[in-house]
Amino acid sequence: METLNFKTNIKSSDDVAAVTLNLNDIEQVDGWNIATEAPDNLLTVQTTDNRIADVVMKAVQKAGYQAEQVDG
């Protein structure tokens with residue numbers, strides 16, 4: 001299992017709700033969490049395929065938000 005981390009501009013439960021369907025639609029995602037209380041609003045994604053970072057970023061952007069991959 002791999003963990004990918006993304007800095008986002010997702011700040012509230014409404015924002016989380018807006019990206020939920022897009023993130024849940026990614027087949028390779030086994031789970032995800034957004035820490036809206038963290039300074040970088042960190043999105044953590046569990047996956048078996050660490051090559052899906054671009055797919056995750058596009059899914060977040062499709063909902064109108066930004067995501068930038070960061071190290072662990």
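Our subject is the structure that appears above.
Procedures and definitions
- Residues numbered from 1 in each chain as written.
- Predicted model: local features only at pLDDT ≥ 70, side-chain atom pairs only at ≥ 80, totals over all residues.
- Heavy atoms only, no water.
- Helix = DSSP H or I, 4+ residues; strand = E, 2+ residues; numbered from the N terminus.
- Rg over C-alpha atoms; globule rule 2.2 N^0.38 Å.
- Buried < 20%, exposed > 50% of the residue type's maximum accessible area, 1.4 Å probe, protein only.
- Areas by Shrake-Rupley, 256 points an atom, 1.4 Å probe, with all protein chains shown as cover.
- Lys, Arg positive; Asp, Glu negative; His and termini not counted.
- Charge placed at Lys NZ, Arg CZ, Asp CG, Glu CD.
- Expected span 1.5 Å × (residues − 1).
- Arc of directions from axis to C-beta.
- Salt bridge = Lys/Arg side-chain N within 4 Å of Asp/Glu carboxyl O.

1. Observations regarding the overall build of the chain
Now for step 1: Within the chain, the regular secondary structure consists of two helices and four strands.
Now for step 2: The helix and strand sequence of the chain, counted from the amino end, reads β-α-β-β-α-β.
Now for step 3: The globule rule puts the C-alpha radius of gyration for 72 residues at 11 Å, and the 11 Å found for the chain is close to it.
Now for step 4: The burial tally for the chain puts 39% of its 72 residues in the buried class.
Now for step 5: On the chain, roughly 4400 Å² of surface is accessible, and the fraction owed to carbon and sulfur atoms is 42%.
Now for step 6: Put simply, the chain has 5 plus and 12 minus side-chain charges, and the middle of one group is 7 Å from the middle of the other.

2. Details of helix H1 (residues 13-24)
Now for step 1: In this model H1 runs 16 Å from its N-terminal to its C-terminal C-alpha over 12 residues, within 8% of the 16 Å that 1.5 Å per residue would give.
Now for step 2: Within the sequence span of H1, burial applies to Asp15, Val19, Asn22 and Leu23. What you see down the axis of H1 is that its buried residues fit within an arc of 90 degrees, all on one side. Opposite the buried face of H1, at more than 90 degrees from it, the exposed residues are Ser13, Asp14, Ala17 and Leu21.

3. What about the pattern of salt bridges?
Now for step 1: Inspection of the entire model under this criterion finds one salt bridge.
Now for step 2: One salt bridge in this structure joins Arg51 and Asp49, with 2.8 Å as the shortest N-O distance.
Now for step 3: On the basis of relative accessibility, which here comes to 70%, the residue Arg51 falls in the exposed class.

4. What to know about the environment of Gln69
Now for step 1: Locating Gln69 in the fold gives a position in strand S4 (residues 67-70).
Now for step 2: Judged by relative accessible area, which is 38%, Gln69 ranks as partly exposed.
Now for step 3: A C-alpha to C-alpha distance of 11 Å links Gln69 and Ile52, two positions 17 residues apart in sequence.

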